[in-house]
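# Observations on chain architecture
Next come the chains, spelled out residue by residue.
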Amino acid sequence: MQTKSTETTHIPLVITHQRSRLALAEYRLCQKERRLARYKNIVVLTGAGISAESGVSTFRDAGGLWEKHRIEDVATPEAFARNPDLVQDFYNQRRAQLFSVEPHSAHTALGKLEELHDGNVTIVTQNVDNLHERGGSKNIIHMHGELAKVRCTQCSSVFEWLDDCTQETVCPTCGSAPALRPHIVWFGEMPFDMDRIENLLYECDLFVSVGTSGNVYPAAGFVSAVRSYGKAHTIEVNLEPSEGATYFAETRHGLAGELLPGLVNEILD
Ligand SMILES: [Zn+2]
């Protein structure tokens, strides 16, 4: 019975160096081809950072709407059961804020990507504002709900809603009141469309995360899921390295409004 030799072959340092240079050149070529390749299925995950550049206050901002309220007082099902007027009023204020903000160049770049790309582009957003819609995107999943919608707790109808909503507001479908609630995923509730999102993450060949802190689950786990499937290139665009930055194959740090138009042009080239 023969045993395999366990001797290691000594490779002179200079050859190792040449090999690594060749590997680097190959890698760069591969990256170039990858950049030019047509991605078929693109998923763009967006978070608070992209909205913040339009001036939307988030619950992490100092001085924002959220600072005057505790999450457990305005953003949980229990809070709504306890003090529905306060919760309705809080979301009425946030809904009214939609009229004072405008989409910026990152939103419009993503709208252009969807319009001009010869493949599928889906925005999966954690944001509840309507800036992606107003920036021209159509294929959007609002995993945390939408400020511009309310839902009936009696008949489950969902309505486009830009006005104030109170406990006296009557459901246009079933006539019940009080019955309408913000169409928002509160803390302790399941995000919307998770099955669809999981399929998209599995199918995608390019995953871009924009303005996401990387510490709010389940979205924070999306990049790990995508990488585990081994099919997609992954890019993080964020003001600073997020908590999950090391999971991404490529990172670009700065304002989304400055970086997205260039990135979209590279994808469309
Ligand atoms: Zn109803």
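Below is a short write-up of the structure. (Residues numbered from 1 in each chain as written. Predicted model: local features only at pLDDT ≥ 70, side-chain atom pairs only at ≥ 80, totals over all residues.)

## Quick notes on the sheet that holds strand β5 (residues 158-160)
To keep it simple, the criterion reads: Being paired, for any two strands, means DSSP has found at least two bridges between them. Strands are runs of DSSP state E lasting at least 2 residues, helices are runs of H or I lasting at least 4, and numbering of each runs from the N terminus. Fitted lines through C-alpha atoms give the axes, limited to the stretch in contact for helices. The angle between two N-to-C directions lies from 0 to 180 degrees.
The strand order across the open sheet formed by 3 strands is β5-β4-β6, and the pairing between neighbours is antiparallel. If you trace the sheet from one side to the other, it starts and ends with β5 and β6 (180-184), each paired once. Put simply, the sheet's adjacent strands are angled 40° from each other on average, direction ignored. Here 5 bridges tie strand β4 (residues 145-152) to β6, and the two strands are oriented antiparallel to one another. Opposite V150, over in β6, you have P182 as the bridge partner.

## What about the nonpolar core?
Just so we agree on the cut-off: Think of a nonpolar core as buried Ala, Val, Leu, Ile, Met, Phe, Trp, Tyr and Cys residues chained together by C-beta atoms that fall within 7 Å. The exposure scheme places C-beta atoms from the backbone and then counts, for each residue, the other C-beta atoms within 10 Å of its own, assigning buried at 20 or more, exposed at 12 or fewer, and partly exposed in between. It is the C-beta atoms, placed from the backbone, that decide contacts: two residues are in contact if theirs lie within 7 Å.
In terms of nonpolar packing, the biggest core is built from 39 residues, with V43, V44, C204 and L260 touching the most fellow members. Ignoring sequence-local partners within four residues, the contact set of L260 consists of S105, A106, A109, L110, V210 and V237. With 10 residues, the next largest nonpolar core counts V74, A79, V128 and I184 among its residues.

## Description of helix α8 (residues 194-203)
Quick reminder: α-helices carry 3.6 residues per turn. Residues three or four places apart thus point the same way. Note the threshold: By definition, the arc is the one covered by directions from the helix axis to the C-beta atoms.
Of the positions making up α8, those classed as buried are I197, L200 and L201. Seen from one end, α8 has its buried residues packed into an arc of 100°, which puts them on one side. Residues of α8 that are exposed and point over 90 degrees away from its buried face: D195 and N199.

## Observations concerning the pairing of strand β7 (residues 206-210)
We count it as follows: Here the term right-handed applies to a crossover when the path leading from its first strand over the helix to its second strand runs clockwise, the strands being oriented away from the viewer.
Buried residues dominate β7, accounting for 5 of its 5 residues. The alternating pattern of β7 places L206, V208 and V210 and F207 and S209 on opposite faces, both of which are buried. Here strand β1 (residues 41-46) runs beside β7; their pairing, made up of 5 bridges, is parallel. Bridged to L45 within β7 is S209. As paired elements, β7 and strand β8 (residues 233-238) share 5 bridges and run parallel to each other. Paired with S209 across the two strands is E236, which belongs to β8. One crossover worth recording links β7 to the parallel β8 by way of helix α9 (residues 222-229), and it is right-handed.

## Description of unusual backbone geometry
A cis amide bond links A177 with the next residue in sequence, P178, at an omega value of -5°. Assignment of secondary structure puts P178 in the loop between β5 and β6. Going from Y217 to P218, the amide bond is cis rather than trans, its omega being 10°. Here S156, not a glycine, exhibits a phi torsion of approximately 70°, which is positive.

## Some words on helix α6 (residues 105-116)
Worth spelling out the cut-off: By definition here, a helix of n residues has an expected span of 1.5 Å times n minus one.
With 12 residues, α6 extends 16 Å between its outermost C-alpha atoms, agreeing within 8% with the 16 Å of an ideal straight helix rising 1.5 Å per residue. Among the 12 residues of α6, 9 are classified as buried, and the element is accordingly described as predominantly covered. Residues A106, H107, T108, A109, L110, G111, K112, L113 and E114 constitute the buried set of α6.

## Quick look at the environment of G262
Examined against the element boundaries, G262 turns out to sit in helix α10 (residues 256-268). On the neighbour-count criterion, G262 (11 C-beta atoms within 10 Å) is exposed. Sequence separation of G262 and A106 is 156 residues, and the distance between their C-alpha atoms is 9.6 Å.

## Regarding the environment of E243
When you line up the elements, E243 lands in the loop between β8 and β9 (250-253). Among the residues examined, E243 registers 12 C-beta atoms within 10 Å and is labelled exposed. Measuring from C-alpha to C-alpha, the distance between E243 and S213 comes to 6.5 Å, with 30 residues separating the pair along the chain. Apart from residues lying up to four places away in sequence, E243 is in contact with S213, G214 and N215.

## Focus: the sheet that holds β7
Read across the sheet, 6 strands follow the order β3-β2-β1-β7-β8-β9 without closing on themselves; strand pairing throughout is parallel. Edge positions in the sheet fall to β3 (140-142) and β9, since each has one partner strand and no second. Taken over all neighbouring pairs, the strand axes of this sheet differ in orientation by 15° on average, direction set aside. With 6 bridges connecting them, β1 and strand β2 (residues 120-125) associate as parallel partners. Paired with I42 across the strands is V121, a residue of β2. Across the sheet, α10 lies against β7, β8 and β9, angled at about 150° from β8, the strand it touches most.

That is the geometry; function is a separate question.
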